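Read off the chains here:
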Amino acid sequence: ILHSGKPRRDIANPQFLALIFIFIITRAISMASATPPIRVTVVGGTHGNEYTGVWCIKSLERRLSSESAAASDKSAATLEKFPNLHIATLLANTKAHIQNKRFVDTDLNRQFTYEALNGKAKSWEAKRAKEINQLLGPKQFDDDDDSSTEQQQQQQKANSDVIIDLHTTTTNMGTTLIVGEGNKLMTQCAAYIRAKCSSNTNQVHILMHTHKRQRDRPHLSSIAPCPLSIEVGPVPQGVLRHDVVEKTQAALEAALEFLDKQHLSSSTNNDESDDESLQKELKKYYPKGKVPCYRSAPSQREGEMSSKIPWPCDPDNENFPSWMVHKDLQDEDFVEIKEGDALFVDLDGNVITYDGSHGPSVRLMFINEGGYYYASSGTGISVARLDHFNLESGEIMEE
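Residues numbered from 1 in each chain as written. Predicted model: local features only at pLDDT ≥ 70, side-chain atom pairs only at ≥ 80, totals over all residues. Heavy atoms only, no water.

### Digging into the overall build of the chain
Tallying secondary structure elements over the chain gives nine helices and 18 strands in all. Buried positions account for 46% of the 399 residues belonging to the chain. Of the contacts formed within the chain by residues at least 6 apart in sequence, a portion of 70% connects residues at least 24 apart. Summed over its atoms, the accessible surface of the chain is roughly 20100 Å², and 51% of this surface lies on carbon and sulfur atoms. (Helix = DSSP H or I, 4+ residues; strand = E, 2+ residues; numbered from the N terminus. Buried < 20%, exposed > 50% of the residue type's maximum accessible area, 1.4 Å probe, protein only. Contact = heavy atoms within 4.5 Å. Areas by Shrake-Rupley, 256 points an atom, 1.4 Å probe, with all protein chains shown as cover.)

Here's what the structure looks like:
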């Protein structure tokens, strides 16, 4: 080592070299043990005529592109606001979106069960589901006793840690966050979004779906170990509404904020007394440790995410109902109904009442959802019950 043409003897000092060595080793260990960023994929257009999600991912892509252009690392798909996240986007049903249709052949958001992904792909959506599974997954079937060691090794290479799937509904559901029971990270994420985004003009609901096993979950977001679906409405299909876009973006922003904070808290040694720690913040919102939610009644028909009270369909068109939703129910999502209350009206004007099929009283969701006029999406009105889940575990708290 030369300095002004002369040897630097101080650098050869053993104590100095020891300090340099310790610094290099400490730095290397720190870099090696650093928690990698959470890989988040934000999906829009799973249903091609739900334009809000597509708008949101296009807007997000512009943010990512703008910040990437200004960054030294051009390959980093991160936002300055969320440095601990690696963010990607996907327009799911590209062909249906161009055609302004919910789907081309069948509902894409019902094609991600074990059987569907491993079966013969006959429809456009079945083929697209396999493509998406390779892009974002492959989906982990870690609860499948028949999984081989080779399959399990492949499953460890999933390309997304979190998938946030953006949807809209024609019904008066407000902002609804759909998560799986027992997924601690995403149930806490939903609780965080609910606390951040609820207001007098924006009711935020959390819905637990009933599929306990990964292999049985039919929706796109279930490819990732940590899935979240965001539903916002009401908005017509194939239409953009500024207020609905804003509510969707607010929920998405809160989700990314939570995940970024979660990464930070898990990758650093935070002081337990820090009032700003994520868990303490959540407990401020939910001091009793329980979070209100709706639990889907168990699905009774293949391919459905939750149980429904079906309506009969016209014999000449399986997508045209023979009964319509009663006027007293319209826009009354999450309101309790009891046995004997009006549900439908038939072509002769007769009122069909609730017969207690799911219990003496239930909550109804997705009331008169336009997407549920399609047989492949499952016709009818979804059924749920009001519950709470444990903030710590994400499990339903039995009364």
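Anyway, onward from the coordinates.
### Structural notes on the pairing of strand 12 (residues 317-321)
Pairing of strand 11 (residues 313-314) with strand 12 involves two bridges; the strand directions are antiparallel. Bridged to Cys313 within strand 12 is Pro321. (Pairing = 2+ DSSP bridges.)

### Brief notes about helix 5 (residues 124-136)
The terminal C-alpha atoms of helix 5 lie 18 Å apart, and with 13 residues this matches the ideal 18 Å at 1.5 Å per residue to within 8%. Every buried residue of helix 5 is accounted for by Trp124, Glu125, Ala126, Arg128, Ala129, Ile132, Asn133 and Leu136. Structurally, helix 5 contributes buried residues whose contacts are with strand 3 (38-44), strand 4 (85-91), helix 3 (94-98), helix 4 (114-118) and strand 5 (162-168). (Expected span 1.5 Å × (residues − 1).)

### Considering helix 7 (residues 184-197)
With 14 residues, helix 7 ought to run about 20 Å at 1.5 Å a step, and its terminal C-alpha atoms sit 20 Å apart, in line with that. Along helix 7, the residues classified as buried are Met186, Thr187, Gln188, Cys189, Ala190, Ala191, Tyr192, Ile193 and Cys197.

### Considerations on the side chain of His326
By the element assignment, His326 lies in the loop between strand 13 (323-325) and strand 14 (336-338). Since its relative accessible area comes to 9%, His326 is described here as buried. A distance of 3.0 Å separates a polar side-chain atom of His326 from the backbone nitrogen of Asp328. (Polar contact = N/O pair within 3.5 Å; in protein donor to acceptor, adjacent residues only side chain to side chain.)

### Some details on the packing of helix 7 against helix 9 (residues 278-285)
When two helices pack together, their arrangement is given by the angle between the helix axes and the distance between those axes. Running from N to C, helix 7 and helix 9 cross one another at 55°; their axes reach a closest spacing of 10 Å. The orientation of helix 7 relative to helix 9 falls into the category oblique. Here the hand of the crossing between helix 7 and helix 9 comes out left-handed. Across the interface between the two elements, Gln188, Tyr192, Ala195 and Lys196 from helix 7 touch Leu278, Gln279, Glu281, Leu282 and Tyr285 from helix 9. The residue makeup of the contact of helix 7 with helix 9, split by class, is five nonpolar, two polar and two charged. (Axes fitted to C-alpha atoms, helices over the stretch in contact; angles between N-to-C directions. Parallel < 35°, antiparallel > 145°, perpendicular 65-115°, else oblique. Left-handed = near helix turned anticlockwise from the far one by under 90°. Nonpolar A, V, L, I, M, F, W, Y, C, P; charged D, E, K, R; others polar.)

### Overview of the environment of Leu264
Looking at the secondary structure, you find Leu264 in helix 8 (residues 242-267). Judged by relative accessible area, Leu264 falls into the partly exposed class, the value being 44%. Note: C-alpha distance between Leu264 and Leu278 (14 residues apart in sequence) is 9.3 Å.

### Concerning the nonpolar core
Ranked by internal contacts, the top residues of the largest apolar core, which has 48 residues, are Val40, Ile164, Ile193 and Leu228. For Val40, the contacting residues outside a window of four places in its chain are Leu85, His86, Ile87, Ala88, Val162, Ile164, Leu256 and Leu259. Among the nonpolar cores identified, the runner-up in size contains 15 residues, and Trp311, Val325, Ile337 and Leu343 belong to it. (Core = buried A, V, L, I, M, F, W, Y, C linked by side-chain atoms within 4.5 Å.)

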